[in-house]
Amino acid sequence: MKIAFSPCPNDTFVFHALVHGLIPGAPPFDVTYADIDITNTLAASVSELDILKISYAALPWVLPEYKLLPCGGALGRGCGPLVLTAGHHSMKEPTHSDQLVTELTSPNRLSGKKIAVPSERSTAYLLFRLWAAQNVPGGVGEIVVMPFHEIMPAVRDGLIDAGLVIHEARFTYPNYGLSMMVDLGNWWEIDTGLPIPLGAIIARRSLDLHTVSNWIRTSVEYAWEHPEISRPYILEHAQEMDPAVAQSHIDLYVNEFTANLGEDGYGAVTTLLQRAMDEDLIPRVDLASLR
């Protein structure tokens with residue numbers, strides 16, 4: 001069976017047991033490690049992949065062939081994408097849930113500017129578009145797609161005006177001399193009260209989806225019960241990431257929603273997609289079919 005997910009610590013943590021033959025009854029897996037921009041594209045094209053990790057924002061393009069699974073993905077609170085700029089600013093982040101995003105550095109700075117994003121169909125970019133429509137007068141300028149690990153150096157070096165970052169960049173951006181303009185996850189949580197829907201696990205509709213979901217959920221539970229077993233595999237694929245940063249990454253992105261989306265998880269996904277459809281940012285889909 002063929003599976004594709006990113007080499008990021010949360011994905012390698014979740015899928016370690018499954019792809020290493022530790023889940024009873026699961027078949028051998030042929031693994032493709034790929035950046036989210038690649039998996040979003042693969043899922044929407046003619047692909048032999050059976051299971052993929054993609055952005056929730058990419059779901060509308062893949063639903064004819066793939067089904068959203070209720071486990072294995074990335075949702076959460078306090079784990080959203082960030083908009084970063086070079087240098088430092090004096091504005092404070094919100095410290096209470098009722099404070100507005102307008103307390104951050106003025107979004108006016110992004111008007112007509114060059115912004116790097118990790119994928120045109122990423123949840124991060126969709127959140128950015130929804131936020132920018134409300135907060136950036138006249139809209140932003142050029143959008144440039146870059147692998148997420150190249151964005152912070154590009155902002156630091158002045159190649160772009162701002163960058164939309166995900167993953168471990170939450171922990172490392174100060175090392176590049178960058179400042180956070182807005183935490184889009186914080187904006188989303190204040191606005192909706194829901195967790196942030198980031199990465200989805202999908203499987204080909206022709207498979208026994210109940211069984212596949214059980215394999216993945218069991219792999220998650222195995223990872224929680226035996227975290228030391230997966231550690232060498234995680235660090236091997238973590239792009240020379242500091243072990244402490246890798247663990248922080250796992251702690252942030254692997255949570256109750258990874259084991260089971262639940263009502264709040266499905267609510268977050270449907271709210272995101274409904275808002276995007278209302279703004280004509282994605283194709284229309286039957287949201288009831290996601291369950």
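Within each chain, residue numbers correspond to sequence positions counted from 1 in written order. Local features in a predicted model are, by the rule used here, given only for residues with pLDDT of at least 70; side-chain atom pairs are given and counted only at 80 or more, and totals for whole chains, interfaces and linings are based on all residues. Hydrogens and water are ignored here; the side-chain numbers use all heavy atoms of the structure.

## Let's talk about the overall build of the protein chain
Where we set the bar: Secondary structure elements are defined from DSSP: runs of H or I of at least 4 residues count as helices, runs of E of at least 2 residues count as strands, and each element is numbered from the N terminus. The reference for a compact globule is 2.2 Å times residues^0.38; the radius of gyration itself is calculated from the C-alpha atoms. Contact criterion: two residues are considered in contact whenever any of their non-hydrogen atoms come within 4.5 Å of each other. The Shrake-Rupley method, run with a 1.4 Å probe, gives the accessible areas here. Residue values count only the displayed protein chains as cover. We score Asp and Glu as negative and Lys and Arg as positive, and we do not count His or the chain ends. Charge coordinates come from a single atom per side chain, which is NZ of Lys, CZ of Arg, CG of Asp or CD of Glu.
Assigned secondary structure in the protein chain consists of 12 helices and 11 strands. Relative to the 2.2 N^0.38 estimate, which gives 19 Å for 291 residues, the radius of gyration of the protein chain is 18 Å and therefore close to what a compact globule would have. A principal-axis box enclosing the C-alpha atoms of the protein chain has dimensions of 55 × 40 × 35 Å. For the protein chain, the proportion of contacts with a sequence separation of at least 24, taken over those separated by at least 6, is 79%. Summing over all exposed atoms, the protein chain offers an accessible surface of approximately 12,300 Å²; the carbon and sulfur share of this is 51%. Distance between charge centroids for the protein chain: 4 Å, based on 19 positive and 34 negative side chains.

## Notes on helix α4 (residues 123-135)
Counted only if it meets this: Under the convention used throughout, the expected extent of a helix is 1.5 Å for every residue step, that is, one less than its residue count. Exposed residues in this analysis have more than 50% of their type's maximum accessible area, buried residues have under 20%, and partly exposed residues fall in between, with area computed by a 1.4 Å probe over protein chains only.
Look at α4: 18 Å from first C-alpha to last across 13 residues, which is about the 18 Å you get at 1.5 Å a residue. Of all 13 residues in α4, 10 are buried; the element is thus mostly enclosed. Among the residues of α4, T123, A124, Y125, L126, L127, F128, L130, W131, A132 and N135 are the ones counted as buried.

## So, the packing of helix α1 (residues 9-19) against helix α10 (residues 243-253)
Which entries qualify depends on this criterion: Here an angle of 0 to 180 degrees is reported between the N-to-C directions of two axes, which are lines fitted to C-alpha atoms, with helices fitted over the stretch in contact. If an angle is under 35 degrees, it is roughly parallel; if it is over 145, roughly antiparallel; if it lies from 65 to 115, roughly perpendicular; otherwise it is oblique. Only Asp, Glu, Lys and Arg are considered charged, only Ala, Val, Leu, Ile, Met, Phe, Trp, Tyr, Cys and Pro nonpolar, and every remaining residue, Gly among them, polar.
Where α1 contacts α10, the axes come no closer than 8 Å and their chain directions differ by 70 degrees. The angle between α1 and α10 places the two elements in the roughly perpendicular class. Where α1 approaches α10, its residues P9, N10 and F13 are matched on the opposing element by A246, H249, I250 and Y253. By residue class, the composition of the contact of α1 with α10 is five nonpolar, two polar and no charged.

## Examining helix α5 (residues 148-156)
Along α5, the positions that sit buried rather than exposed are F148, I151, M152, P153, A154 and V155. Packing partners of the buried residues in α5 comprise β6 (82-86), β7 (115-117), β9 (162-165), α6 (169-172) and β10 (178-183). Once α5 finishes, G158 follows within two positions and takes phi at roughly 80 degrees, a positive value.

## Concerning the pattern of salt bridges
This is how the line gets drawn: Think of a salt bridge as a Lys or Arg side-chain nitrogen and an Asp or Glu carboxyl oxygen that are within 4 Å of each other.
According to the stated counting rule, one finds eight salt bridges in the structure shown. R204 serves as the salt-bridge partner of E65, at 3.9 Å between the closest nitrogen and oxygen. Of this pair, E65 sits in the loop between α3 (59-62) and β4 (66-68) while R204 sits in strand β11 (residues 196-204), and the two are 139 residues apart along the sequence. For E65, a relative accessible area of 47% puts it in the partly exposed group. You can call R204 buried: its relative accessible area is 16%. A salt bridge links E189 to R77; its shortest N-O distance comes to 3.9 Å. Here the residue E189 occupies a position in helix α7 (residues 184-192), and R77 occupies one in the loop between β5 (74-76) and β6, the gap between them amounting to 112 residues. The exposure class assigned to R77 is partly exposed, which follows from its relative accessible area of 40%.

## Thoughts on the pairing of β10
Operational definition: Only strands that DSSP links by at least two bridges are regarded as paired with each other.
Burial within β10 is extensive, with six of its six residues counted as buried. As paired strands, β6 and β10 are joined by five bridges and run antiparallel to one another. Its bridge partner lying in β10, T85 is registered against S179.

## Section: the packing of α4 against α7
What counts, and what does not: Here a crossing is called left-handed whenever its near helix is offset anticlockwise from the far helix by less than a right angle, and right-handed whenever the offset is clockwise.
Taken N-terminus to C-terminus, the directions of α4 and α7 make an angle of 70 degrees; their axes are 10 Å apart at the nearest point. On the basis of the axis angle, α4 is roughly perpendicular to α7. Seen along the crossing, α4 lies across α7 with a hand that is left-handed. Mapping the contact onto sequence places A124, L127, F128, L130, W131, Q134 and N135 in α4 and L184, W187 and W188 in α7. Of the residues assigned to the contact of α4 with α7, the class counts are eight nonpolar, two polar and no charged.

## With respect to the pairing of β11
The buried fraction of β11 amounts to nine of the nine residues, a majority that puts the element mostly inside the structure. Bridge count between strand β3 (residues 51-55) and β11: five bridges; the pairing is antiparallel. From the neighbouring strand, K53 faces β11, where its bridge partner is I201. Across three bridges, β4 lies against β11 in antiparallel orientation. Residue pairing for β11: K67 is matched across the bridge by A203.

## With respect to unusual backbone geometry
Residue D280 is not a glycine yet carries a positive backbone phi of 60 degrees. Along the chain, the position of D280 falls in the segment after α12 (262-278). Accessibility expressed as a relative area gives 67% for D280, which makes it exposed.

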